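What follows is the residue order along each chain.
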Amino acid sequence: MSNHSHDAQHPLNAIEHAEGNVVLEGIKAIAQGFATVLKHHPREAVTLEYPEVMPELSDRFHGRLSLLSKSDDTDLCIGCQACARVCPCDDLIQIDMHRDDDKKPVVTRFTIDMGRCIFCGNCTEVCPVDCIKMLSDFELADYSREALVLDKKDLTLSGQESDEWRAKRGYTPTVL
Amino acid sequence: MMSVKELNPELQSNLPGVSIETGFDTNDLVVNIGPQHPSTHGVLRLVTTLNGEVVKEMEPVIGYLHRSKEKMGESRSLFQYQPTIDRVEYLSSFYDHLVFVNCIEQIADIPVPKRVEYIRVICLELNRITSHLLWFGTFLLDLGASTPFFWCFRDREEVFTIFENLTGARMMYNYFRFGGVNNDIPAGWLEEVRAFCNHFPDRLDEYEAVATKNPIVMDRTKGHGIMAKEFCLKYGVTGPALRATGEALDLRKTNPYSVYSELDFDVPTRTECDTYARYLVRVQEMRESIKIIKQCIDKIPGGDGGALAILKKEVEVKTKEAKKNPEIVVPHWDKDWDTMGKKINLLTYKPPAGEASNFVESPRGVLGCYIITDGTPKAYRIKWRGASFSNLSALPELMKGHMYSDLMAIFGSLDVIMPEVDR
Amino acid sequence: MNEENKTPEQAPEAEVIETTPAIPAGFFGALLESKGIAVEHLGNDAKGTEIIRLTAEAILKAGELLKGDASSKLDMLLLVTGIDWKTHRESVYHLYSTVHYHSLIIKIVADANDTSPSLYPVWPAVDWHEREAYDLMGIHYEGHPDLRRILMPTYWLGHPLRKDYKEEDPRLVWNRR
């Protein structure tokens, strides 16, 4: 320290004082940081031990696509192609249908390539009969790309499951 | 503290005195940073010419994430294109949706109910917080602090859960529609948001206790990467980087869109123009966002979703009955409570021919969309203005004369996100 | 959390910001015409932003004027868009004023050889934007200091955003749409 240490007005001293403050402030800031980190230790963890503990998903979750059925296990889908037309991914949903003798639609093929699906929910929004919907199922990993192409049998839920889904999400179906 | 007046606009070319007198011959060294460098937060390649440790020249090479979003818009119907907009800028995708639907709403003259505007503003401001939180965590991670990174992700996930309850997705929302939103808010959602707003400022205090006055953070940010206002205008730099120069350009205030003119908030500005100032502006912006969200929760027409959904069902049923039996009284329903301004068949929707351009204040700066329609379901031309694109173009000149070790601090303070640059 | 943990230097009070003043319709066009520059008025876009079309000869002079004039002060360039109208190409410039908070759209038609003057001397911010328009739309900007491809690889042939662009890769779907 120089001999003018008591003279705070001295320009040299001003720098020294400032530096002293910076060091002090720095130590204070670091101590404060450590104190804040320590405060976190007794807090409850926010992470989940998946897969032992499953997350609580919202009712609107965009998960695996599925086709709901009527309560008596018959097809709800009328094969109108609306979902295929609004899908942003090319040829992701493929539908073949014909009309039977009573002019009623019969869907013979309905495949969705879940490997290319981006889970946007566009198809569920335009479906005129509320048939194609999204489940809360997000565990879709499989061993091959081909296995991710789901056909109509994989996609269709039974009448009971469909009713449960509708009850859970408070859905009033337009056509039943 | 330097004021902006003291700053020489020419300062960029002769920043810190870094001419090194070596006394022997030196060669320039070309270092290739990226495209997989962890601190570039995406795939950015920086071809850097170094003189010793000082950056002499820098050339960003971009395009690694080019997914031809504009071409995709020309080949898909508008509704089909909408989910892919989320991927233009995935950290704040509500903003991309907002400019997109605003353009179509203006071209087709679709009214937007008040309730929708408030829901949108809540989503936007929460999204600004998540975006800034990710920036906060990764910026400090680049400086060497790893603890705040995990804290930021914890709070970010909390907001994502709120978004999931609303839209069904955590990051790719696909929620806004032309003249409305996809789905009304669920019962109890506003309370979730309010609970978050109530505890988040305390969390923010904790972050700041760790970082703001930390001597290492201050040493590495104060006085580095100085961008004066003239420099920002030269490159079209906007957002927090521009506001750190004392220029209070925030489109929410200057050209209010949505319902921002009805809300009371401040535009945080600093005058130091350096990396630290940009840091402080962003932290302050999160606090302002909380202020905006709290006002929106109080002001939203119709209130929470649960009771309103019941009322809506009742109105629908009673209106049908009233047609047969005129004695039945239909409960009052306000136009402001709707979630759709006009019923649109999304499958066959064709906007009229026209053009519109919209610019909004995204977390990174001015985000814009320019759409030309020609009366078909597809757009004739869609052009995106990502704030990061312009902000990144300023980097080579900004880095000139800086130490190589300051690169990631300065680059991080620009908050560039690569998908928005390459689109 | 005690007082000390608050932000050490709170941001200064934000200054009172005036919102957009309503500018009269055709304001910028009239301003340029009063200085003797020929302007083609194209009305407003759906948001209400004025659109004008300028000739390639007049653009630089008009640009200096719009940037410098106290009543317009369009000092920030937001966006450059190239549009393919099949018969010709067009550049669209979105301008904004950080002083008056108003904006303007300028359109310039590129000539038969797809060349258009660069606005780099007036707004250096067009640098990357014009490079992108060159890369994806194939408009050559005369006077641009560094006109190279920016998003596509340097070896790429053709300009992908043109309407007649065909990519033979079977994985790409837009040729069929």
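Reading guide: rules and limits
- Residues numbered from 1 in each chain as written.
- Chains lettered and ligands numbered in written order.
- Predicted model: local features only at pLDDT ≥ 70, side-chain atom pairs only at ≥ 80, totals over all residues.
- Heavy atoms only, no water.
- Helix = DSSP H or I, 4+ residues; strand = E, 2+ residues; numbered from the N terminus.
- Buried < 20%, exposed > 50% of the residue type's maximum accessible area, 1.4 Å probe, protein only.
- Contact = heavy atoms within 4.5 Å.
- Areas by Shrake-Rupley, 256 points an atom, 1.4 Å probe, with all protein chains shown as cover.
- Salt bridge = Lys/Arg side-chain N within 4 Å of Asp/Glu carboxyl O.
- Buried area = accessible area lost by both parts, 1.4 Å probe.
- Polar contact = N/O pair within 3.5 Å; in protein donor to acceptor, adjacent residues only side chain to side chain.
- Nonpolar A, V, L, I, M, F, W, Y, C, P; charged D, E, K, R; others polar.
- pLDDT = per-residue confidence, 0-100.

Enquirer: Before we go on, may I ask you to explain the overall build of chain C in this structure?
Expert: Counting its regular elements, chain C contains three helices and seven strands. Starting at the N terminus and walking to the C terminus, you meet the elements of chain C as α-β-β-α-β-β-β-β-α-β. Residues classed as buried in chain C amount to 50% of the 177 residues present. The contacts of chain C with a sequence gap of at least 6 include a subset with a gap of at least 24, amounting to 48%. Summed over all atoms, the accessible surface of chain C reaches about 8,400 Å², with 53% contributed by carbon and sulfur.

Enquirer: Quick question: what am I supposed to make of the pattern of salt bridges here?
Expert: Enumeration according to the criterion identifies 50 salt bridges over all chains in this entry. Salt bridges here are not isolated pairs; linked through shared partners, they connect Glu125(B), Arg128(B), Arg243(B), Asp250(B), Arg252(B), Glu285(B) and Glu361(B).

Enquirer: What am I meant to see in the interface of chain B and chain C here?
Expert: Interface extent is often summarised as the accessible area lost during association of the parts. Contacts between chain B and chain C engage 68 residues on the former and 56 residues on the latter. For the pair chain B and chain C, the two sides together bury roughly 5,300 Å², of which 59% comes from carbon and sulfur. For the chain B face of the interface with chain C, the top three residues by lost area are Lys71(B), Tyr380(B) and Phe389(B), together amounting to 13%. At the junction of chain B with chain C, the criterion picks out five salt bridges. Taken together, chain B and chain C are joined by 18 residue pairs in polar contact (both at pLDDT 80 or more). For the side of chain B that touches chain C, the per-class residue count stands at 26 nonpolar, 18 polar and 24 charged.

Enquirer: What is the right way to look at the confidence of the model for chain B in this model?
Expert: Detailed reading of predicted coordinates is not advised where the pLDDT is low. Residues and elements named next belong to chain B. In this model, chain B carries a mean pLDDT of 84, and residues with pLDDT of at least 70 account for 94%. Ranking the helices and strands of chain B by mean pLDDT puts strand E7 (residues 365-373) first, with 91, and helix H12 (residues 305-324) last, with 80. Low pLDDT (under 50) marks residues 1-19, which in the prediction has 29 contacts with non-local residues, meaning those over four places away or in another chain.

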